[in-house]
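# Structural overview
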Amino acid sequence: MPTLDLTLLRNFVLVARTGSISLAALQIGRTQSALSMQMQRLEQTITQPLFHRSGSGMRLTAAGEKLLAHAETLLAQHDEILADMSGESLKGTLSLGCPEDYSIAFLPALLKGFCALHPNVELRMVCAPTSELRPMLARRQIDMALVSLSDAGAREVIREERFVWVANEAEPKILTQDVLPLALAAPMSLDYRAACAAMDAVNRRYRVAYASNSLAGLIAIARSGHAISVLTRTAVPFDLHVVSAGLPLLPTIGIALEFSEARPSLLATTLAEHVRTVLPGLKTKAEID
C-alpha cells in the first residue's frame, strides 16, 4: 500500500486554499514547476486527479475535496502528537472573530471543550459582523474567524443556520400595517439583504425603521413591538417569537472558518479542527427548547 507524504499533503492544502500554484509556491519558497511536480506525485499516489487546471487557477475535483478534509485532519493530529510527545503542550495567544449571535449560541460550549484540552492557550475574542471580520482578517488583526456565507451548500460550510422573523408576539399587530417596519443590521449584512430580497419577492411594502449592528439593539427593538427583526434561529431569546404567518420564508446560510494566513499556525489549525468536529452536532438552547 502506498504511503502519503506529509510534506506533499501540507503543500496540497496550501494549493487548495490559495487556488494557485504560483501563490502557493511563493509562500513555501519553491519554484512553480517543483510544486506542480509534487501535486502530480500526490495524484499518482492517490490514483485520482485532484485538481481541475485552467488559466484562471486550480479548482479541486470531488476527489480533491475529499482529500482536503482528510489532509487537514491528519496534519492537525500529526502536529498535536508531536507537541504532546515532546512534552510541550500548546501555548500562545490566538485571536478569534465571531458574529455576536454565534458567540452567544455556540462559543461557550466550543471554548469550554477547547480550553479544557489546551489550558495554556490564551484566546482573545472579537465580536463583529462578518462584513467587519473579513477586513480584520485581511489586515491580520485577528488570526481566524467564524463567518456567515450566503451559500449554505458551499464546500467550506461547517454548519447551516436559518434566518427567521422575530417579534414580541407570534402574530404581532404591526403585521396589519401597510408598510411593515423592520429592524435590521447594516445594509452590507446577510440578514439585511435576505430580508429585503424576501419582501421584494412577494411585493410586500416595508421600511427599515431601525438599523443596528448590535444584536442586543435589534432584540430590544423587537421586544418593544415597534418593528420585526431578523435573527438566526439559534439567537432568538426565549421571550421573543418566530413569526411565520404573513411573511415570506427567509433563506438558510452557512457558517465557515476563515483565516488571516494561507498556512495557519498550529494553534489556529488545532482550534479549527476542534470547531469542525464539535460545531456540526452542537445543540443550542433554541434547538433543545
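Quick note: structure is the one above.
Below, the structure is looked at part by part.

What counts and what doesn't
- Residues numbered from 1 in each chain as written.
- Predicted model: local features only at pLDDT ≥ 70, side-chain atom pairs only at ≥ 80, totals over all residues.
- Heavy atoms only, no water.
- Helix = DSSP H or I, 4+ residues; strand = E, 2+ residues; numbered from the N terminus.
- Buried < 20%, exposed > 50% of the residue type's maximum accessible area, 1.4 Å probe, protein only.
- Contact = heavy atoms within 4.5 Å.
- Areas by Shrake-Rupley, 256 points an atom, 1.4 Å probe, with all protein chains shown as cover.
- Axes fitted to C-alpha atoms, helices over the stretch in contact; angles between N-to-C directions.
- Parallel < 35°, antiparallel > 145°, perpendicular 65-115°, else oblique.
- Left-handed = near helix turned anticlockwise from the far one by under 90°.
- Nonpolar A, V, L, I, M, F, W, Y, C, P; charged D, E, K, R; others polar.
- Arc of directions from axis to C-beta.
- Salt bridge = Lys/Arg side-chain N within 4 Å of Asp/Glu carboxyl O.

## Quick word on the overall build of the protein
Helix and strand counts for the protein stand at eleven helices and eleven strands. Dimensions of the protein, computed from the C-alpha atoms along their principal axes, are close to 65 × 45 × 35 Å. The buried share among the 289 residues of the protein stands at 47%. Restricting the contact set of the protein to residue pairs at least 6 apart, pairs at least 24 apart contribute 75%. When the accessible surface of the protein is summed, it comes to about 14900 Å², and 54% of that surface belongs to carbon and sulfur atoms.

## Thoughts on the packing of helix H6 (residues 107-117) against helix H10 (residues 266-278)
In contact at an axis separation of 10 Å, H6 and H10 are set at 135° when each is read in the N-to-C sense. Here H10 runs oblique to H6, going by the angle between their axes. Handedness of the crossing formed by H6 with H10: right-handed. Packed against H6, whose contacting residues are Leu110, Gly113, Phe114 and Leu117, the element H10 presents Thr270, Leu271, His274, Val275 and Val278 at the interface. For the contact of H6 with H10, a count of residues per class yields six nonpolar, three polar and no charged.

## Details of H6
All of the buried residues along H6 are Leu107, Leu110, Leu111 and Phe114. Buried residues of H6, seen end-on, are gathered within an arc of 85° and therefore sit on one face of the element. Seen from the buried face of H6, the exposed residues on the opposite side, beyond 90 degrees, are Pro108, Lys112 and Ala116. In the core, the buried residues of H6 are packed alongside strand S3 (92-98), helix H5 (100-105), strand S4 (121-127) and H10.

## Things to note about the pattern of salt bridges
As enumerated under the stated definition, the model contains seven salt bridges in all. Between arginine 53 and glutamate 43 there is a salt bridge; the shortest N-O distance is 3.2 Å. Of this pair, arginine 53 sits in strand S1 (residues 51-54) while glutamate 43 sits in helix H3 (residues 32-46), and the two are ten residues apart along the sequence. Residue arginine 53 is classed as partly exposed on the basis of its relative accessible area of 42%.

## Side note on unusual backbone geometry
Glycine aside, residues mostly have negative phi, and peptide bonds are mostly found in the trans state. A positive phi angle is found at threonine 47, which is not glycine, with a value near 65°. Mapped onto the elements of the fold, threonine 47 is located in the loop between H3 and S1. For threonine 47, a relative accessible area of 65% gives the class exposed. Positive phi is not limited to glycine here, since asparagine 203 has a value of about 55°. Position of asparagine 203 among the secondary structure elements: in the loop between helix H8 (190-201) and strand S8 (206-211).

## Focus on the environment of valine 242
Structurally, the position occupied by valine 242 is in strand S10 (residues 241-243). C-alpha separation for the pair valine 242 and isoleucine 219, spaced 23 residues apart in sequence, amounts to 12 Å. With sequence-adjacent residues up to four places away left out, valine 242 is seen in contact with Val164, Trp165, Arg233 and Val236.

Read these as layout, nothing more, since geometry by itself doesn't imply function.
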